[in-house]
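Coordinate inspection notes
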Amino acid sequence: MRWCKTAAAVARARKLVVGMASAVFASAGGGSVPAHADPLRLRGDALVQTGGSGSPTGVLVLQGQDTRQPWVSAEGLVWAGATPSATGDVLVLAVHLREPHGYAELQAGRFVLATGAVHPVQIDGGRVIARAPWGSTVETFGGAPVVPRFGSRSYDWLAGGRIAESVADLGTLGFSYVQRRDGGEVSSEDIGADAAFAPVKWFDLGGFAAYDVTDPGIAEARASAAVKVDDWRVELFASQLSPGRLLPSTSLFSVLGDFPSQTFGGTVRWHAAPRLDLLASGAGQDVSGGLGSNGWVRASLKLDDRGDGTLGLELRRTDVPGAEWSGARAIAAMPLGGGFRYSEEIEIAVPDHPDGRGVAWPWGLSALSWRSREGWDVAAALEASSTPLHRYEADALVRLSFALGKP
Amino acid sequence: MSRRPVGLTLLMVLAVTLAACASVLGIRRQPASHPFEHRAHVMRGVGCLECHKGIEITGDTGPLHLPSDADCVRCHQQPHDSRPCQTCHGETYVRDAAELARARLRFTHSRHMIAAQGDCVRCHATVTESRPDTVMPKMATCFGCHEHRDQWTLRDCNGCHVDLAAEGSMPEDHLVHEGDWLREHGSRAASERDLCASCHTERQCASCHGEGTVAALPWKLALGDDVRLAGLHRAGFGARHSLEARADPGICTTCHTESSCLDCHSRRGVAPGSTSASPHPPGWLTPSGGDHGSQARVDPVSCAGCHGGAGEQLCVGCHRVGGPGGNPHGPGFNSRKDEHHDLPCRLCHGAGP
C-alpha cells in the first residue's frame, strides 16, 4: 500500500514537472488552446432611476473578462454614476495567472480577499497559492485595504497566510493568520481555523473560527452541518460574533467592551413536488444577554420545467429585543413570449413598535423586460413604497444592457 | 333532487383540480412538451449511428450531428406534417443544451466510442426511458469512469470545462447550493474559497463584499431578470434595515466597512450635520444618558459607521476622562494598550508626559 502511495506521488511529481514546463512553454507563446468559448466577454449596464422628490440618479457599469489562454485571465468592473453627485469606482481590476494543472496561482490587482477564517476584505494587492498533489495548500497574501471612491489611508496594509491539508476526499482543515496595520499601529491580528468535511454523500459540515490576538477572545465563529435524504435537506447552524472585535483596535468604539451575540438554529428544505420547494428556518439568539428568535417559511413554485416562470411566498418573524417585526413577501415572474418577461414583487413589513415611523412599510415593484438574441436587454419598472423616511415614495427605473461574447 | 349528480359534479371538480395541480406542480407533464422519441427508436432496433451519422469520429469541435429531415424521411417516407421534423420532435432547450455543451466542454466522441466499445447507452443511459428530460449524461456519469481526484485537489477543471466561470451552469449533483445558501455560504466557502472560484468570478464576490460597491444593488442591476425570494437587500430593505442590523449585531460588517453607512446616509440626508432627519429613536440621548450607551455596546460597528474617524470627537467631548459622560468602558474591559500613547486611548486619556 505504501509503495503504491509512493509510486503515485512520483507520478504526480512527474506531472508537476511537466506542468511547470508546459506553463513556461505556454508563456513563451507556444501554447495551443482548443478553447471554443469567446475569450473576451464584455457587458455594459445603464440604470436610471427617478429620485422621488430629488433628482434622477443613474449608474453605468462596465465589466469584462478575458481568458484568451487558460493560464491567464483578466477581469474588471468599473462604474460611474450620478447618485446624485458624480461619483464612481473600480470594483474589480485583477489579473489571474495559473499553472495549467493548478499547482500554483497568482492573483494581483483589486479583488476581495476571503480565505479560511480571514474576514472578507477588498484589497489592492496580491495573493499566491501553491498546491501539492497530495492535498497540501500554502497561501500568502498582502496589500492595502481599499478605500471607497479612490480615497486613501496612510500606512494601512494587511498581510497574512493560510496553510491547509485535504484529507483524501473527506475534507479540508486549514489554519490562517492575518495582521492589519492602520496609521502604522497594529489595528487587528487574528489567527483562525477552518474545516470542511463531506465523509458521505448525504452529510457535510463546514465552519471556521477567528481568534482576536490583540484583545484575546473569539472574534467570529460559524458552523453549518447538513443532512440530505431524498427530497429533504436539514441544516443545523451556529454562530458567534463579537462586533467590537470586528472593528480596528484603533477605533474609539472598540473600547466599549466585548458583547458577543450567539445564534443557533436550523433550516429544513422539502422538495415537495417536481416544481415546488418548501423551506422553513428558525433560530434562537442571544444578543448581548437579550434572548430572541427569528424564523421564516418560504414556498417557491416553478411555472414550467425550466423555471422560467416562478411564484413565491415568504412569511417572516423577528423577535429580538429592540427589533421585533413581522413581514410577508410575494413574487411572480413569467415569460410572455417574444423575449418579453413580466415580474412582480411585493412586501410588507410591520414593526411591533412603530415609534411614529408608520405602522407598516409596504413596498412593490412591477417590471417588464425584453431580451434579444443579439445581446440587448431592456427593462422598465415602477417601484412604490412607504418607509420610515418617506410616507409615500414612487420611482421609475429603466435599465439598458448589452453583452458581447458568448460563454 | 337526486344527490347523485351533485356527488358526480364534485368528483369531477376534484379530478380536474387534482389534474391541474399535478400539471402545475410538475407531477404530470404538459402535453405540449414533446421530448424526442429516442426509446421508440431504440426498441425498434434503430442504431444510434443511423441517425447521428459520423459522430463516432468527431473531435471536440464541429457540428452536433443531429439528424436532418433527410435522415428522418429515409424511414418515415410519408411525413404527416410539412413542417421540419424538429419543430415538434425534440425540445428546443435540449438542442440548446447540446450546443452549449459542445461550446463549453472539451469532449471527443471518437475517444469515448473506443473506450465504451461502441456502446452509446453506457453513457446515454436515459435514452431507454419513456420521456427523459434529456439524453445528455450528467457529470456523475463521467465520474463513473474518470475519478478526477487529482484534478479536484488541484482545482483543475480546465481539462474538461473550457471556462466554468463564463459557463455559469449550476451543478446538479455536487456542490449544490440549497437551503438558505445566502447565510450558509460563508461557513462553506471558508475552507474552499479557491473551489468556489472555479465557477464564480471576482465580480460576483465583489458585488456584495466589495468596498467600492456599485451604487445600485446587484438585484436592481438585474431588474426583471433575477426575481427570487432569497436576497439580503431585496425588496423594501431600506425601510427595515435598521431592524435587521439590530437583530444580528455586526452582520453588516461581513460585507460593509464602517464608512458604508455614512456613504448612504449622507445621500439620503440622514447623517451627522444633517437637519432633515435623525436615524436614532426617541430616548436615544437624554440628560441622564439615554439608550445610546447600551445600544453602542451591542453593536459598536453601527456607531462607527457614521461617527468613526473624525466623528469620534463627538463621543470624546462627553466621555473624555473627567467629562460629564462618564466611563464608557464596558464591564470587564481590559486592554494591553498604553492609555497615554496608543490610539484610541489617548483621545480621552490625553497624551502622557
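Counting restarts for each chain, with residues numbered from 1 along the sequence as it is written. Chain letters start at A and ligand numbers start at 1, both assigned in the order the entries are written. Residue-level local features of this predicted model are given only where pLDDT is at least 70; pairs of side-chain atoms are given and counted only at 80 or more, and the full residue set underlies all totals for whole chains, interfaces and linings.

1. Here's the deal with the overall build of chain A
For clarity, the cut-off: Counting from the N terminus, the helices are the DSSP runs of H or I reaching at least four residues and the strands are the DSSP runs of E reaching at least two. Put plainly, a residue is buried at 20 or more neighbouring C-beta atoms within 10 Å of its own, exposed at 12 or fewer, and partly exposed in between, counting only other residues' C-beta atoms, which are placed from the backbone. Contacts here follow a simple rule: the backbone-placed C-beta atoms of the two residues must lie within 7 Å.
Helices and strands together make up the secondary structure of chain A, namely two helices and 22 strands. Among the 407 residues that make up chain A, the fraction classed as buried is 38%. Sequence separation of at least 24 residues holds for 40% of the intrachain contacts in chain A that already meet a minimum separation of 6.

2. Let's talk about the overall build of chain B
The line we're drawing: Computation of the radius of gyration draws on C-alpha atoms alone. For the globule rule, the value is 2.2 Å times the number of residues to the power 0.38.
Across its full length, chain B holds 19 helices and zero strands. Against the 2.2 N^0.38 benchmark of 20 Å for 353 residues, chain B shows a C-alpha radius of gyration of 32 Å, more extended than a compact globule. Summarising its shape, the C-alpha atoms of chain B cover approximately 100 × 75 × 35 Å along the three principal directions. Relative to its full complement of 353 residues, chain B shows a buried share of 23%. Counting only contacts in chain B whose residues sit at least 6 apart along the sequence, the fraction spanning at least 24 positions is 59%.

3. Digging into the pairing of strand β9 (residues 171-182) of chain A
Residue and element names in this part refer to chain A. Let me state the cut-off plainly: In short, DSSP must find at least two bridges between two strands for them to pair.
Because side chains alternate across β9, one face comprises the buried residues T172, G174, S176, V178, R180 and D182, and the other comprises G171, L173, F175, Y177, Q179 and R181, none of which is buried. Relative to β9, strand β8 (residues 157-167) runs antiparallel, the two sharing 11 bridges. What sits directly across from S166, in β9, is T172. A loop of three residues connects β8 with β9, the two strands running antiparallel in sequence, and A168 in this loop sits at a positive phi of about 45°. As judged from the 12 bridges shared by β9 and strand β10 (residues 185-200), these two strands associate in the antiparallel manner. Bridge pairing in β10 links F175 to A193. Between β9 and β10, which pair antiparallel in sequence order, lie two residues; one of them, G183, sits at a positive phi of approximately 60°.

4. Quick look at the pairing of strand β14 (residues 261-273) of chain A
All names here are of chain A. When strand β13 (residues 232-241) meets β14, the two strands line up antiparallel, connected through 10 bridges. Following the sheet pairing, L241 is matched in β14 by S261. Sheet analysis places β14 next to strand β15 (residues 276-287), joined by 12 bridges and oriented antiparallel. Looking across to β15, one finds that F264 is bridged to G284. Here β14 hands over to β15 after two residues, the two strands then running antiparallel side by side.

5. Topic: unusual backbone geometry
Residue and element names in this part refer to chain B. In this structure, P344 follows L343 across a cis peptide bond, with omega equal to 0°. If you trace the backbone, P344 turns up in the loop between α18 (313-319) and α19 (345-349). For H65, which is not glycine, the phi dihedral falls at a positive 65°. Assignment of secondary structure puts H65 in the loop between α3 (48-51) and α4 (69-73). Although it is not a glycine, A235 adopts a positive phi angle of roughly 55°. Tracing the chain through its elements places A235 in the loop between α13 (218-221) and α14 (237-247).

6. Remarks on the environment of Q179 of chain A
Residue and element names in this part refer to chain A. Here Q179 is to be found in strand β9. Assessed through the 17 C-beta atoms surrounding it within 10 Å, Q179 is described here as partly exposed. Along the backbone, Q179 and W296 are 117 residues apart, and their C-alpha atoms lie at a distance of 38 Å. With residues near it in sequence (within four places) discarded, Q179 still touches L158, A159, G160, V186 and E189.

7. Some details on helix α12 (residues 202-209) of chain B
With respect to burial, α12 of chain B is a largely interior element, six of its eight residues being buried. Within the sequence span of α12 of chain B, burial applies to E202, R203, C205, A206, S207 and H209 of chain B. Buried residues along α12 of chain B sit in contact with β2 (57-69), β3 (72-82), β4 (86-98), β5 (104-113) and β6 (121-131) of chain A together with α13 of chain B.

8. A closer look at the nonpolar core
Let me state the cut-off plainly: What makes a nonpolar core is a set of buried Ala, Val, Leu, Ile, Met, Phe, Trp, Tyr and Cys residues, with links drawn between C-beta atoms within 7 Å.
Of all hydrophobic cores here, the largest spans 49 residues; its most connected members are V59 of chain A together with V214 of chain B. Membership of the second largest hydrophobic core comes to 13 residues, among which are W363 of chain A together with A235, L243 and A247 of chain B.

9. A short note on the confidence of the model for chain B
Residues and elements named next belong to chain B. Going by this rule: Each residue carries a pLDDT score, the predictor's confidence in it, ranging from 0 to 100.
Of all residues in chain B, 92% have pLDDT values of 70 or greater, and the mean over the chain is 81. Here helix α15 (residues 259-267) is the element of chain B with the lowest mean pLDDT, 72, and helix α10 (residues 181-189) is the one with the highest, 90. For this predicted complex, the interface confidence reaches an ipTM of 0.82, while the overall pTM sits at 0.82.

10. Digging into the confidence of the model for chain A
When pLDDT is averaged across chain A, the result is 85; 88% of the residues are at 70 or more. Every residue in residues 1-35 of chain A is under pLDDT 50, and counting partners more than four places away or in other chains gives 29 contacts.

11. Digging into the environment of A225 of chain A
Residue and element names in this part refer to chain A. Inspection of the secondary structure puts A225 in strand β12 (residues 217-229). A sequence separation of 120 residues divides A225 from E345, and the C-alpha atoms of the two residues are 32 Å apart. Those residues in contact with A225 that sit more than four places away from it in its chain are L205, E235 and L236.

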